[in-house]
Number of protein chains: 2
Amino acid sequence: MFDNPQGARSLWCDGGMPTHDEPVADTGTAVGRARSRASHSLDSVLAEAVALLDESGVAGLTIRALAARLGGGPASIYWYVSGRDELLDMAADSILARVFASVQDVGGGDPVDDLRTIAVALFDAIVDRPWLGAYALRDTGTQPHSLRLYEKIGEQTMLLELTPTQRFNATSAVVGFVIGVAADMGHELPEEVVSGEVSREKYLDRATEAWRSLDPGEFPFIHHIVEEFAHHSDRAQFCAGLDLLLAGIRMQARA
Amino acid sequence: MFDNPQGARSLWCDGGMPTHDEPVADTGTAVGRARSRASHSLDSVLAEAVALLDESGVAGLTIRALAARLGGGPASIYWYVSGRDELLDMAADSILARVFASVQDVGGGDPVDDLRTIAVALFDAIVDRPWLGAYALRDTGTQPHSLRLYEKIGEQTMLLELTPTQRFNATSAVVGFVIGVAADMGHELPEEVVSGEVSREKYLDRATEAWRSLDPGEFPFIHHIVEEFAHHSDRAQFCAGLDLLLAGIRMQARA
DNA sequence: ACCTGAACACCGTTCAAGT
DNA sequence: ACCTGAACACCGTTCAAGT
């Protein structure tokens, strides 16, 4: 699969780094065997779509490339999905289903800690698959597992002494934070890093160099944190920010 | 901070609702007048790109549509930008320039309050122009005003008793939160609302109806907050979440 | 220096027709 | 029920040529 260049050197977020599951076994899309007629299934369409997204990002998922992979013509895809947008939504939801499954049993501990566990699981999934950032938890109507994940996060807030409005706001804040930061970190890398031809270290080095060359008078903050930037871990940074938000939620629950 | 349990609108965030500026006057792209040769400028290219984005979103900004608007051929655009991606980045940055200008003089008050003022200004800009969500503060290398805005936010944290790492993390958390929540709220609307053919109220009503019909045993949280959802304001919700994050930052600065 | 014309290599989507 | 073939109406990008 693709390697995740940053190690799990987190103190606050101690979950293991995620790795891709293998795509669901394709159900009879025999590659190479010559057939007169291709035959897919929604599962194989989504699994192949996910594989394509993992390999070459959102731009790489074309109806035609997907069809070719499945051994059929472009039009065949439209039997399973209404169009490319729905395909993206459903592909994202198929991954969210796994995320949900992995946190289904979370609960019973400290509600804020459980909230963090769920948030981190979602973050890891998006970092692992940057394309998820733009499509995860987008439409609870079309994405059943977006809804379940939102519900799951919200349920933790119900164990805190908050008003319904406060719970609603806290839940949306956590979801927004996770998606936002993860998406940001995902597409911060300009495609040469994604494809693996430039290492993350080298990319950070170049950015660091550019920052160092800025006028210190005009950019005091940049200069103040350039060393932290040079050696930072996205995951640790996410966890630090999440903990700030969770601290605010905890404080509100105590007031 | 949390003395208002209803999270009432505009007690914390009291800026006025934003409206579009008119696009910068086009510099000699004479519409209707018949000319043998079109003549643009980077400014007019970006202004027209922004107008196109405002009218019909990211998908609506095609090189060909932009060129037609400017009265020339598609190839002429490539004199000013290297491609569509750079066009999007620069168009976003041209708006971020205005955001930066509007908060340039913020400072001197309570650092956390100033942080909030800047964050809200950025949020408003993205809500006003949902396409910004995906392109704002994406590449500080290509987007000079992304960098300045990041610097401006970071400078406020320098007035707090934090370590450099904590300042770096707090700044990134605020930026991530704003972009994430704003982007989420922006593309939560499925294009029929954006175009204005379905009102936001009607859309919320339909979503609310769907949520009410869910099994209360399986979705206790959704049922718990469905009434708040039905009447919520995106902006108030954003402000409530931002205040949770800022409370966490303030708390860390006191520790 | 800046734009045109025309082409290349793609796209998503539709739809009658096949099996 | 599910897929094929072929078309339609687009795309971004390139490049020699013009002015």
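These numbers come from a predicted model, not from an experiment.

Calculation criteria
Residues numbered from 1 in each chain as written. Chains lettered and ligands numbered in written order. Predicted model: local features only at pLDDT ≥ 70, side-chain atom pairs only at ≥ 80, totals over all residues. Heavy atoms only, no water. Phe/Tyr/Trp six-rings, centres within 6.5 Å; stacked < 30°, edge-to-face > 60°. Helix = DSSP H or I, 4+ residues; strand = E, 2+ residues; numbered from the N terminus. Buried < 20%, exposed > 50% of the residue type's maximum accessible area, 1.4 Å probe, protein only. Core = buried A, V, L, I, M, F, W, Y, C linked by side-chain atoms within 4.5 Å. Contact = heavy atoms within 4.5 Å. UniProt positions renumbered as here; feature names shortened; annotations may be inferred. Near = heavy atom within 4 Å. Polar contact = N/O pair within 3.5 Å; in protein donor to acceptor, adjacent residues only side chain to side chain. Nonpolar A, V, L, I, M, F, W, Y, C, P; charged D, E, K, R; others polar. Buried area = accessible area lost by both parts, 1.4 Å probe. Salt bridge = Lys/Arg side-chain N within 4 Å of Asp/Glu carboxyl O. Expected span 1.5 Å × (residues − 1).

**Some details on the packing of aromatic side chains**
All names here are of chain A.
Here comes step 1: Applying the stated criterion across every chain, the model contains 12 aromatic pairs over all chains.
Here comes step 2: Between Phe123 and Phe238 the ring centres are 3.8 Å apart and the planes differ by 5°, which places this aromatic pair in the stacked class. Placement of Phe123 in helix α4 (residues 111-128) and of Phe238 in helix α9 (residues 234-254) is noted, with a sequence separation of 115 residues between them. Each member of the pair, Phe123 together with Phe238, is buried.

**Remarks on the nonpolar core**
Here comes step 1: With 144 residues, the main nonpolar core has Phe238 of chain A together with Phe238 of chain B as its most contacted residues.
Here comes step 2: Sequence-distant contacts of Phe238 of chain A, defined by excluding residues within four places in its chain, comprise Ala119, Val120, Phe123, Phe177, Val178, Val181 and Met185 of chain A.

**What to know about the UniProt feature "domain: HTH tetR-type" (unreviewed entry) in chain A**
Here comes step 1: Under the UniProt annotation, "domain: HTH tetR-type" (unreviewed entry) lies at residues 39-99 of chain A.
Here comes step 2: Structurally, residues 39-99 of chain A comprises 70% helix and 0% strand, and the distance from its first C-alpha atom to its last is 29 Å.

**So, the protein's contact with DNA strand D**
Here comes step 1: Every one of the 21 residues lining DNA strand D counts as a neighbour, but Ala38, His40 and Tyr80 of chain A together with Arg37 and Arg64 of chain B are closest to it.
Here comes step 2: Within 4 Å of the protein, atoms of DNA strand D come from sugar and phosphate in 53% of cases.
Here comes step 3: Contact distances for DNA strand D include 2.4 Å between a base nitrogen and a side-chain N or O atom of Arg64 of chain B.
Here comes step 4: Broken down by class, the residue content of the surface near DNA strand D amounts to nine nonpolar, seven polar and five charged.

**Observations regarding the interface of chain B and chain A**
Here comes step 1: Every contact between the two is made by 53 residues of chain B and, on the other side, 52 residues of chain A.
Here comes step 2: Contact between chain B and chain A buries roughly 4,900 Å² in total, counting both sides, with carbon and sulfur atoms accounting for 68%.
Here comes step 3: Where chain B meets chain A, there are two salt bridges.
Here comes step 4: Between Glu218 of chain B and Arg148 of chain A there is a salt bridge whose closest N-O contact spans 2.3 Å.

**What about α4 of chain A?**
Since the α-helix advances by 3.6 residues per turn, residues separated by three or four positions end up pointing in the same direction.
Here comes step 1: Here α4 of chain A contains 18 residues, and its C-alpha end-to-end distance of 26 Å stays within 8% of the 26 Å for a straight helix at 1.5 Å per residue.
Here comes step 2: The buried fraction of α4 of chain A is high, at 14 of 18 residues.

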